[in-house]
Amino acid sequence: MPASPTPSAAPPSADSDRTRSLLAAVATLAALACASLVPLEPLTKNLAGERVAYRHETYELDPRFVADAGPRSRHASNAQGLRGDVIVGRDLELLTLGGSTVECSLLDEPDALTARIAQAAAPQVQHPLRAAALAQAGLPLSELLTELEQFTADRRRPDLIVGMFGANEAQAFFNHAPWVSQAKGAAWDVWLDPASPFGTQGRSQTYRGWYQPGNHGGFLSAPRAAYADPRGWVDELHPGHVPLLRAALADYVTSLAALERLTHDRGAKLVLVTQPIAPWSAPADGRGWAPFVYAEQGQGFLPSPDLTGKLVEAFNAQTRGFAAERGLVLVDLAVELQGCAACFYDQWHFSDTGAARAGAAIAAVAAAELPNKP
Amino acid sequence: MLFHSTTFAAFFALVWVLYWALHRHTRPKLILLTLASWAFYSAWDWRFTGLLLLSTGVDYVCGRQLARPNSRRGRWLGLSLAVNLGILATFKYLDFFAASMATALTSLGLQADWASLHIILPVGISFYTFQTLGYTIDVYRGRAQPSDDPWQFAAYVAFFPQLVAGPIERASSLLPQLAARPRLTAADQLEGARRFVIGLWKKMILADNLAVYVDWVFVIPADQVAPHQVCLGVLAFAGQIWADFSGYTDMALGIARMLGIRLAENFDAPYFARGPRDFWRRWHISLSTWLRDYLYIPLGGNRRGPARTQINLAITMLLGGLWHGAAWTFVAWGAFHGLWLALERGVSGLRASLGRERSSNFVWVSLGVAATFVMVCLAWLLFRAPSLGVAWGFVRVAIQGAANPASWRDPALLIDAAFVLHFLGPILILQAVRRALPQPGTETAQAHARTRSYVGWMIAVYALIALFAEPHAQPDAPFIYFQF
């Protein structure tokens, strides 16, 4: 005898089927929405103000020019906008400040300056250091101060801040000297290196945009070409530049003083580092050349290597003088790495070798400033 | 030309208009599809289009010859196998084997200073060679009719939605669809667009954001990586590779659907599998069924006793691993799965001999699913690590971390975990929903058709919102499976 159908075995009506389907769809949406509520937003504030969670960058270098950086160099900026691992709370002990020479954007993570300082200092303080780099290519100290203020506004309290400045200050002076924006034919136009065979158009190719993923080291070609002909170099400052330079140096000292105050307010110690620069090597000599990353395209002039050295040295002299005056610890890296061609892959930026040497030199001094922790 | 690029959008818009303008005329439509597919492939590197043409030409001729009575069928099949496997061996494996041989000889103290040939791997080579090989073998076996139209066959080999990363289509499924006159329906267009949007979300939001964390973790030296980074990195990679590959597949299926063609499904909630066999029924289905039909079964399958079955499984998975890439990590990944499958088979046999059935209790099923997911993740570590040494180093860190709870008291743990969970959560939800809803072809599918449709559209709406609301990490990131 066939079993009589029970109510539960009856086929569902169209309405109940639709209701069930709608409920399933809403439940799916709710589940997805819940997953998206896992907090990501607080992590997306980085220096550039971009809306990213983690930012990962891969730089492709031509090994012909960058022998010890490897053909593919990669690093990530974490959600806090810092290069390296995520740092939270009071565990951050060491913070490096600076521009691209501190960021070491073309080096692999373990080879970058901050990691090298942490590695070299760890045995001396007898515990692993948590270190981060608050650094961004092209930022002078005056602009980094705002970032540092924001970064340490809540609970983040590094024990030690290591600042290396000078490159971007000199760079800003090259780029933003007022004569550049004068109308054509004005007195300062002469300083737009009229002898340059490349002209403004040619020089604009040597500016930003080189360090792009996938360009296979092509970024080095333009500055190599620009520096290949010394006729394009500006060898000395025009007398009219001197007061401008004095003003730039005074501004730099004011920024150093602001940094010292902020560091003191945050309960951290400050170590200053002078900006090293590579010894001149002609582009044809084979070493990679990316001499100047201009802040704005088509502006600025092309200082000779000698003039560049003098300008950076002028800023370094302020750093030394300020440290001596305020009794701050100073690492004179400009002297330490003087003449070390292998320490740089271009005129400014550390190679693996340079970052290791610089890291060891800074750690030798900085470790003594760090509190010993069990 | 990536599916998620504006170049592709312009390309597809043009192809779509011309395709539907020509859809009543089979030959011009096939010529259009073929030329468009070749142009699509040439966008990566036009030089490798020659390989595609070679494979197409040889297999077309072989297919025709194989269908002729009294022809030397074995020789024609041999020619097809030799050409396709030869292309694959040369372009994918020659460098690898030469380098491995040199390393082995050097370790024995013999001079082996061979320069690497630096052969570039043509994109999609593993997919289209397997697809055309499947065609000639099917024709040889009499399971597929040979194509008598060279344009139809060329379109079958090079059909651009699935050319570079599958699904690997069977001739019996795709060839008739290409020959048929498609119907332009709103339902197909909407469904295609829906799949495409979901695929776009999976790729651009879920996979590419997880990729940033994964790439970040896997460059940390093993002696510096934290235990939580290893675990979260592997979890993130499990999410990334599924979202990347199934995202590509969704886009491929969506694009094909907008051309009136239905491609095979490639995934069915693989992270809710129970055991390795179940996993391979749900992960890269077109490859696993290809390997089953054209490798495992010809090797003897399970017809030659338990020991031979285990060996056949191991060989199939080993070659399946090697199919993914010319590196020892892929070989190890394949071997891991082969051994795991063999182990499961052994346990199943033992259970059967004791007369015990596999428990369907919810708790046991859940535990089985969780254990399978852990094993799959362990295998992904082999797959993703740059070398076996790094993989082993990461495993050691995880084991040491498990033994030392203090090492987990890392303030970064919560931030990293929140990041990974933010993107991994939707992946697990999607798969849970897929697992819960019977799919077409199953007994109860019809009763759940409406639910499937509603849920599918809700996911598409969410995906569309997420595409605008969520961060985009790497707008031009290629698909992982393009390298295979």
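Scope of this entry: the structure provided in the associated data block. (Residues numbered from 1 in each chain as written. Chains lettered and ligands numbered in written order. Predicted model: local features only at pLDDT ≥ 70, side-chain atom pairs only at ≥ 80, totals over all residues. Heavy atoms only, no water.)

### A few points about the overall build of chain B
A tally of helices and strands in chain B yields 17 helices and zero strands. Counting all 484 residues of chain B, 55% fall into the buried class. Expressed as a percentage of contacts within chain B between residues at least 6 apart in sequence, the contacts between residues at least 24 apart total 77%. (Helix = DSSP H or I, 4+ residues; strand = E, 2+ residues; numbered from the N terminus. Buried < 20%, exposed > 50% of the residue type's maximum accessible area, 1.4 Å probe, protein only. Contact = heavy atoms within 4.5 Å.)

### Side note on the layout of surface pockets
All names here are of chain B. Empty space within the second largest pocket amounts to approximately 1,300 Å³. What lines the second largest pocket is a set of 40 residues, among which R195, E265, R434, Q439 and P440 lie closest to the centre. Secondary structure elements with two or more residues in the lining of the second largest pocket: α8 (186–217), α9 (227–258), α16 (412–436) and α17 (449–469). (1 Å grid on protein atoms, 1.4 Å probe; cavity = no way out; pocket = protein on both sides within 12 Å on 5 of 7 lines; lining within 4 Å. Points joined across faces, edges and corners; volume = space filled by probe spheres on them.)

### Re the pattern of salt bridges
Residue and element names in this part refer to chain B. In the structure shown here, the tally under the stated rule is 21 salt bridges over all chains. The residue R170 makes a salt bridge to D293 at a minimum N-O spacing of 3.0 Å. Of this pair, R170 sits in the loop between α6 (150–158) and α7 (171–179) while D293 sits in helix α11 (residues 285–296); the two residues are 123 residues apart in sequence, bridging distant segments of the chain. In this structure, R262 engages D188 in a salt bridge whose closest nitrogen and oxygen atoms are separated by 3.8 Å. Of this pair, R262 sits in the loop between α9 and α10 (276–282) while D188 sits in helix α8; the two residues are 74 residues apart in sequence, bridging distant segments of the chain. Connected through shared salt-bridge partners, R195, K202, D250 and E265 make up one network. (Salt bridge = Lys/Arg side-chain N within 4 Å of Asp/Glu carboxyl O.)

### Some points on the side chain of S37 of chain B
Looking at the secondary structure, you find S37 of chain B in helix α2 (residues 26–42). The residues contacting S37 of chain B, other than those within four sequence positions of it, are A158, F159, F160 and L163 of chain B.

### Considerations on the pairing of strand β3 (residues 94–98) of chain A
All names here are of chain A. In terms of residue burial, β3 counts as a mostly covered element, since five of its five residues are buried. Across the two faces of β3 the burial is the same, with L94, T96 and G98 and L95 and L97 all buried. Note: β3 against strand β4 (residues 131–135), five bridges, orientation parallel. Following the sheet pairing, L94 is matched in β4 by A131. Strand direction decides the pairing type here: β3 and strand β5 (residues 160–164), joined by four bridges, are parallel. (Pairing = 2+ DSSP bridges.)

### Re the sheet that holds strand β7 (residues 329–331) of chain A
Residue and element names in this part refer to chain A. Here five strands make up an open sheet; going across it, the order is β4-β3-β5-β6-β7 and the pairing parallel. Two strands in the sheet have a free side with no partner beyond their single neighbour: β4 and β7. When the angles between neighbouring strand axes are averaged without regard to direction, this sheet yields 25 degrees. Against the sheet, helix α4 (residues 141–151) touches β3, β4 and β5, its axis set at about 155 degrees to β3. Along the sheet face, helix α8 (residues 241–265) touches β3, β5 and β6 (269–273) and points at about 150 degrees away from the line of β6. (Axes fitted to C-alpha atoms, helices over the stretch in contact; angles between N-to-C directions.)

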